[in-house]
Amino acid sequence: MDTTPAPAEAPRFSADCPSRPILDQVADKWSMMVMEVLEQPTRFNEIKRQLDGVTQRVLTQTLRRLERNGLIRRRVLDTSPIGVEYSLTPLGESFRGPFICLLNWTIEHSGEVVAAQHEYDERSSAR
C-alpha cells in the first residue's frame, strides 16, 4: 500500500482560467433572461418590455457583453426612426440547450430553494 502523501491539488479554476469571465457573463441573471427572450430577432424595447425591472443602462451593458462574447448579433434596421434588432448567433444558439436545462431546473426547484432560504434565515436569526 502506497502511503506517500498526495501532492497538493492545483486549483480547479486558476485565476487566469479563460472560463471564469465567460461563466461570469453567461451566469449573470440578465444575460440568462436575454438569451431566453431572443427566441427570434427582437428589438431593444421589446426585450426591455419582457424583462420587468431591468433598466435601459443595464440592458444595454448586458447586450454589449453578449455581443462581444459572440452570443448575439446586433443589426441596425433601415427604418425611420432607426431601429436595432438583436438575435442569437450560431454560438448563442448552441448555448440554448444547456441554458434551457438550467432554466427548467430553476423553475422546477424554485419552491425548494425558497423553502431552504426561509429555513436558513430562521436558523440564522435564532443565533
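Residues numbered from 1 in each chain as written. Predicted model: local features only at pLDDT ≥ 70, side-chain atom pairs only at ≥ 80, totals over all residues. Heavy atoms only, no water.

Looking up the protein chain in an unreviewed UniProt entry gives the name Helix-turn-helix domain-containing protein, with the organism given as Lentzea sokolovensis.

Attention now moves to the packing of helix α2 (residues 29-37) against helix α5 (residues 90-125). The contact between α2 and α5 brings their axes to 10 Å, and the two run at 110 degrees. Between α2 and α5, the crossing angle belongs to the class labelled roughly perpendicular. You can see that α2 and α5 cross each other, and the crossing is left-handed. Across the interface between the two elements, Met32, Met35 and Glu36 of α2 pack against Gly92, Phe95, Arg96, Phe99, Ile100, Leu102 and Leu103 of α5. For the contact of α2 with α5, the per-class residue count stands at seven nonpolar, one polar and two charged. (Axes fitted to C-alpha atoms, helices over the stretch in contact; angles between N-to-C directions. Helix = DSSP H or I, 4+ residues; strand = E, 2+ residues; numbered from the N terminus. Parallel < 35°, antiparallel > 145°, perpendicular 65-115°, else oblique. Left-handed = near helix turned anticlockwise from the far one by under 90°. Contact = heavy atoms within 4.5 Å. Nonpolar A, V, L, I, M, F, W, Y, C, P; charged D, E, K, R; others polar.)

What follows covers helix α4 (residues 56-68). The terminal C-alpha atoms of α4 lie 18 Å apart, and with 13 residues this matches the ideal 18 Å at 1.5 Å per residue to within 8%. Listed in full, the buried residues belonging to α4 are Leu59, Thr62, Leu63 and Leu66. All buried residues of α4 project into a common sector of 95 degrees when viewed along the axis, lining one side. Seen from the open side of α4, the exposed residues pointing more than 90 degrees away from its buried face are Arg57, Arg64 and Arg68. The inward-facing, buried residues of α4 abut α1 (19-26), α2, α3 (44-50), β2 (72-77) and β3 (83-88). (Expected span 1.5 Å × (residues − 1). Buried < 20%, exposed > 50% of the residue type's maximum accessible area, 1.4 Å probe, protein only. Arc of directions from axis to C-beta.)

Turning to the side chain of Glu85, a few remarks are in order. Residue position: Glu85 is located in strand β3. Every residue in contact with Glu85, bar those within four places of it in the chain, is listed here: Pro41, Thr42, Arg43, Arg73, Arg74, Arg75 and Leu77.

All right, on to the sheet that holds β3 then. In spatial order, the strands read β1-β3-β2; together these three strands make up an open sheet with antiparallel pairing. Across the chains shown, the open sheet's two edge strands, defined by having one partner strand only, are β1 (42-43) and β2. The pairing of β2 with β3 spans six bridges and is antiparallel. Looking across to β3, one finds that Arg74 is bridged to Tyr86. (Pairing = 2+ DSSP bridges.)

This part is about the UniProt feature "domain: HTH hxlR-type" (unreviewed entry) in the protein chain. UniProt marks residues 17-114 with the feature "domain: HTH hxlR-type" (unreviewed entry), using the numbering shown here. Here residues 17-114 runs as 63% helix and 14% strand, with 32 Å between its end C-alpha atoms. (UniProt positions renumbered as here; feature names shortened; annotations may be inferred.)

Within the largest apolar cluster, 18 residues are counted, with the highest numbers of intra-cluster contacts made by Val34, Ile47, Leu51, Leu59, Leu63, Ile72 and Tyr86. Put simply, the parts of the chain that give this core at least two residues each are α2, α3, α4 and β3. Of all the elements, α2 adds the most residues to this core, at four residues. Every residue in contact with Leu51, bar those within four places of it in the chain, is listed here: Trp30, Met33, Val34, Val37 and Leu59. (Core = buried A, V, L, I, M, F, W, Y, C linked by side-chain atoms within 4.5 Å.)

At His109, α5 shows its strongest bend, of approximately 60 degrees. Of all the residues in α5, the buried ones are Gly92, Arg96, Phe99 and His109. Buried residues in α5 make contact with α2 and β3. (Bend = angle between axes of the 7 residues up to and from the residue.)

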